[in-house]
Amino acid sequence: MLEGRMAVVKPEMKSYIWLQTADGSIQQVEEEVAMFCPMICREVLQTGAGSSKNCAISLPQRVNAAILGLILDYCRFHQVPGRSNKERKTFDEKFIRLDTKKLCELTSAADSLQLRPLVDLTSRALARMIEGKTPEEIRETFHLPDDLTEEEKLEPLRNMTDDPRIRLLNRLYARKRKELKEREKLKNVEVEEEQHVDERSVDDLLSFINGEDEDSKGVRTTKSKKKNRRRKEQARNSSTNNETGNHNQESSFPASSCLNDDVPSPSKPSDLQDPAFDEGDIDDELDPVMKEEIDREVEDFARRLNSVWPERMQEILSLGQERRPVPLSVNGNGSLKRYTAGLDGR
Amino acid sequence: MDTDSGRDLISDLPQSIIETILIKLPLLDAVRTSVLSRKWRYKWATITELVFNDTCLIPCQDKAIISCNLVNFITRCLFLHDGPIHKFELNTSYSPTSPDLDQWLLFLSRKDIKELIIDIGEDDWFRAPSCLFFCPKLTHLVLVRCELNPPPNFKGFLSLKHLSLQQVIIPPHDIEGLISSCPLLESLTLSYFDSLELTIRAPNLKYLNLEGEFKDIRLENTPHLIGISVAMYMTDDIAEHFEQSSGCNFDKFLGCVPRLERLIGHIYFTKYLSIGNEQGSFPVMYQNLKFIELYQVSFEDMKELLVVLRLIVSSPNLEELQISSSSITTTTDIYDLDFWEKDWPADCTFGKLKIVQMSDFSGLPHEIAFIKFLLGHSPVLEQMIVAPTIYVTDKVVKMLIDLLTFRRASPLATVKFVQEPL
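Residues numbered from 1 in each chain as written. Chains lettered and ligands numbered in written order. Predicted model: local features only at pLDDT ≥ 70, side-chain atom pairs only at ≥ 80, totals over all residues. Heavy atoms only, no water.

## Let's talk about the packing of aromatic side chains
Consideration 1: For the structure shown, the criterion picks out twelve aromatic pairs over all chains.
Consideration 2: With centroids separated by 5.5 Å and ring planes inclined at 20°, the aromatic side chains of Phe91(A) and Phe95(A) adopt a geometry described as stacked. Of this pair, Phe91(A) and Phe95(A) both sit in helix H4 (residues 85–95), separated by four residues, roughly a single helical turn.
Consideration 3: Seen in terms of ring centroids, Phe133(B) and Phe157(B) are 6.2 Å apart; in terms of plane orientation they differ by 15°. Their pairing is stacked. One end of the pair, Phe133(B), is in the loop between strand E4 (126–127) and strand E5 (140–147); the other, Phe157(B), is in the loop between E5 and strand E6 (162–169), and 24 residues separate them in sequence.
Consideration 4: A connected cluster of aromatic rings, assembled from ring pairs, spans Tyr74(A), Phe77(A), Phe91(A) and Phe95(A).
Consideration 5: When the ring centre of Phe77(A) is taken as reference, the NZ or CZ atom of Arg83(A) above it lies at 3.9 Å.
Consideration 6: Above the plane of the ring of Phe250(B) lies Arg310(B), whose end atom (NZ or CZ) is 3.9 Å from the centre. (Phe/Tyr/Trp six-rings, centres within 6.5 Å; stacked < 30°, edge-to-face > 60°. Helix = DSSP H or I, 4+ residues; strand = E, 2+ residues; numbered from the N terminus. Lys NZ or Arg CZ within 6 Å of the ring centre and 35° of its normal.)

## Regarding H4(A)
Residues and elements named next belong to chain A.
Consideration 1: Along H4, the positions that sit buried rather than exposed are Arg88, Phe91, Asp92 and Phe95. Buried residues of H4, seen end-on, are gathered within an arc of 100° and therefore sit on one face of the element. Of the exposed residues in H4, the ones pointing more than 90 degrees away from its buried face are Lys86, Lys89 and Lys94.
Consideration 2: As for H4, its buried residues are in contact with helix H3 (65–78), helix H5 (100–112) and helix H6 (116–130). (Buried < 20%, exposed > 50% of the residue type's maximum accessible area, 1.4 Å probe, protein only. Arc of directions from axis to C-beta. Contact = heavy atoms within 4.5 Å.)

## Description of the pattern of salt bridges
Note that side chains of opposite charge can pair when their charged atoms are close.
Consideration 1: For the coordinates displayed, the defined rule picks out 18 salt bridges over all chains.
Consideration 2: A salt bridge links Glu30(A) to Arg76(A); the nearest nitrogen and oxygen atoms lie 3.4 Å apart. Highlighted residues: Glu30(A) in strand E2 (residues 26–30) and Arg76(A) in helix H3, separated in sequence by 46 residues.
Consideration 3: Notably, a salt bridge pairs Asp119(B) with Arg145(B), separated by 3.1 Å at the nearest N-O pair. (Salt bridge = Lys/Arg side-chain N within 4 Å of Asp/Glu carboxyl O.)

## Side note on the packing of H5(A) against H6(A)
All names here are of chain A.
Consideration 1: Across the interface, H5 lies against H6 with an axial gap of 9 Å and an inter-helix angle of 145°. Every pair of crossing elements has a handedness; the one defined by H5 and H6 is left-handed. When H5 is examined against H6, the residues Thr100, Leu103, Cys104, Leu106, Thr107, Ala110 and Asp111 are found in contact with a partner set consisting of Leu118, Val119, Thr122, Ser123, Ala125, Leu126 and Met129. (Axes fitted to C-alpha atoms, helices over the stretch in contact; angles between N-to-C directions. Left-handed = near helix turned anticlockwise from the far one by under 90°.)

## Structural notes on the side chain of Gln322(B)
Residues and elements named next belong to chain B.
Consideration 1: Along the chain, Gln322 falls in strand E12 (residues 320–325).
Consideration 2: Assessed through its relative accessible area of 16%, Gln322 is described here as buried.
Consideration 3: Of the polar contacts made by the side chain of Gln322, one reaches the side chain of Glu320; its length is 3.0 Å. (Polar contact = N/O pair within 3.5 Å; in protein donor to acceptor, adjacent residues only side chain to side chain.)

## Notes on the sheet that holds strand E3 (residues 57–58) of chain A
Residues and elements named next belong to chain A.
Consideration 1: Taken together, the three strands give an open sheet; going across it, the order is E2-E1-E3, and neighbouring strands pair in mixed fashion. With partners counted over all chains shown, the strands left at the sheet margins are E2 and E3, one partner each.
Consideration 2: Relative to E3, strand E1 (residues 16–20) is paired through two bridges, and the arrangement is parallel. Residue pairing in the sheet places Gln20 in a bridge with Ser58 of E3.
Consideration 3: Where H3 meets the sheet, its contacts fall on E1 and E2, and the angle it forms with E2 comes to roughly 5°. (Pairing = 2+ DSSP bridges.)

## Brief notes about unusual backbone geometry
Consideration 1: Unusually for a residue other than glycine, Gln114(A) sits at a positive phi of about 60°.
Consideration 2: In this fold, Gln114(A) is placed in the loop between H5 and H6.
Consideration 3: Here the phi dihedral of Asp112(B) falls at roughly 60°; this positive angle occurs in a residue that is not glycine.
Consideration 4: Position of Asp112(B) relative to the elements: it lies in the loop between helix H4 (98–109) and strand E3 (115–119).

## Concerning helix H3 (residues 63–80) of chain B
Consideration 1: Between its first and last C-alpha, H3(B) extends 26 Å over 18 residues, near the 26 Å set by a 1.5 Å rise per residue.
Consideration 2: The residue sitting at the N-terminus of H3(B) and contributing the capping side-chain oxygen is Asp62(B); that oxygen lies 3.0 Å from the backbone nitrogen of Ala64(B). (Expected span 1.5 Å × (residues − 1).)

## Focus: the pairing of strand E10 (residues 262–267) of chain B
Residue and element names in this part refer to chain B.
Consideration 1: Relative to E10, strand E9 (residues 227–232) runs parallel, the two sharing six bridges. Bridge assignment links Gly227 to a residue of E10, and that residue is Arg262.
Consideration 2: By the bridge criterion, four bridges tie E10 to strand E11 (residues 291–297) in an arrangement that is parallel. Bridged to Leu263 within E11 is Ile292.

Keep in mind that these numbers describe shape and distance, not what the molecule does.
Right, dumping it as structure tokens:
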């Protein structure tokens, strides 16, 4: 309509601003609506762009045509000065009823257009979708990859009681870690840019937060359902139950005990386990009889310790997952790091 | 390890947006996002606002363990945090011990802290370490139940805009120094200070909030003050002190606040202002004063009544007036009702007064005369709402009858008599 002419504000004619999205499509928008976006406003005032189709304002890449439509709806409503706060709130509540994907795209686009009120609105909606949810639920909502577990899950356990089963388990973990590393090298995964070395300390914090609160801690998911590992859980229960009980006290780990893994363990399970440890066993189903036996043992033990473990173990067992033990103090980290190094060398 | 079908929707948003989202979560949930995926491991660690309150507590039987857990949580969070911290709020009924708090404050003083709010439990009042006084970027400081001892070389909080001290023990001569050494101070709240004599010099101060037993308050250099709210408690000692003091409190307090827009006074505020107040001259006019709220005005004390009248007559643009009467009634029956005819100028008009609300009304002669006065001199009055005190029930009908007979200067005025106390 106003092609080739400057956008003149005449009483009977509305003036328009021309916008171009990243995909090349151009549209014209009423001036007062478009000027509600600080970024567009600045472009118009500083460079005079947008007055015609030829010099349409190029919008940032994060703004595609569909999202632009949404943003303009928002602007069109809110730029009218006479609206009451209640009206605006009602509009906002309805406006953010979008699917997650659109909501994220909208947040990103609003941010690139510097439309702060809309960024706050969408951020609040996204925060509501995260608050109080379990990690699985959050991962599902946002399609997040569950990629922590491979590395983190295989941290060695603390062998407080010099339990040969734990020693064995740690050895198995070490082997698995090695296998993973090789797999990664083959896959040629890019190096993570974050420099953080000690990821455990965050887990420290988390497990600390989640000390009694089993709902929220992300249950480490893993595909491996090795039969033999079930028995290890018993051992781990005893050690982790100890740790939970000692949660708030300084406990000195005999670092030396960790290094005892070199000694071949004489116990029966270990002999059975070794050959079974290969990729093929990953998807073994748990023998129901053994599962029951372990359930009973766990419950009994937990009752003795008078803790809230039964529910947690149920959860873990039912998911067929393995649980990383609750680490305690930074001292423990240090000693285990050394331990890890020792294992890798083998 | 297979990912769900569909691209990751959120992890690649700019960090500033992620932080906006994380700040809107309770801190516990924000930290928990670190288990979501590898990319989310440390996204929480750069948020610039840390709010520790009861949502961070893990339920447990033993109070000592909860407290210990909280302390550990805060310490670990701070350790893992990366980058500046602009806001730190600690709001809990548990009392972290001094060594912990001191270390946290030392840590924060190195992290460009701007907003600091510490409101902890009542067991032990913590003693603010000296590093608190060397947070140069501090704009917002709220301290509850602590001891403050500004060090001798303290030059002031040069960026501080908002200061709130509640139940804070600070040497009296230091508090004036603290206030005047914050040149940008816009909002000041002092609660539960006992027997304080205070001269406030704050050239940029806009909002003043005082609560406690103040012996003497003088606003000496506060030309930009817009809102004042005072709750004045009074003990017998202070009342005695008042008998002997010279000078007009009204002038000392409201003498140089020409831009005042809102005035709220509770408990003994009007009594405080009445000390030394001379009837007659009104040297200062409050052209911007639109809202006055006075609680517990004693309509049996002529001096307090004079204060109220002086206030409203000096505020030509007053729009809303709320007054509640003090419920202490003496047995005296001598009321100088001639005052209203003779001593008070009859030519004043409240040209903008629209709403008047009288609460705890007990039908005292001066109360009724006051309402009559207002009704007769407010040409644009829209609402006069009167609510009775809960103590007096039998005079209600008579009051109502009296009120309805008064002449109203405003054709729009409605007089509402509300049964329930407001």
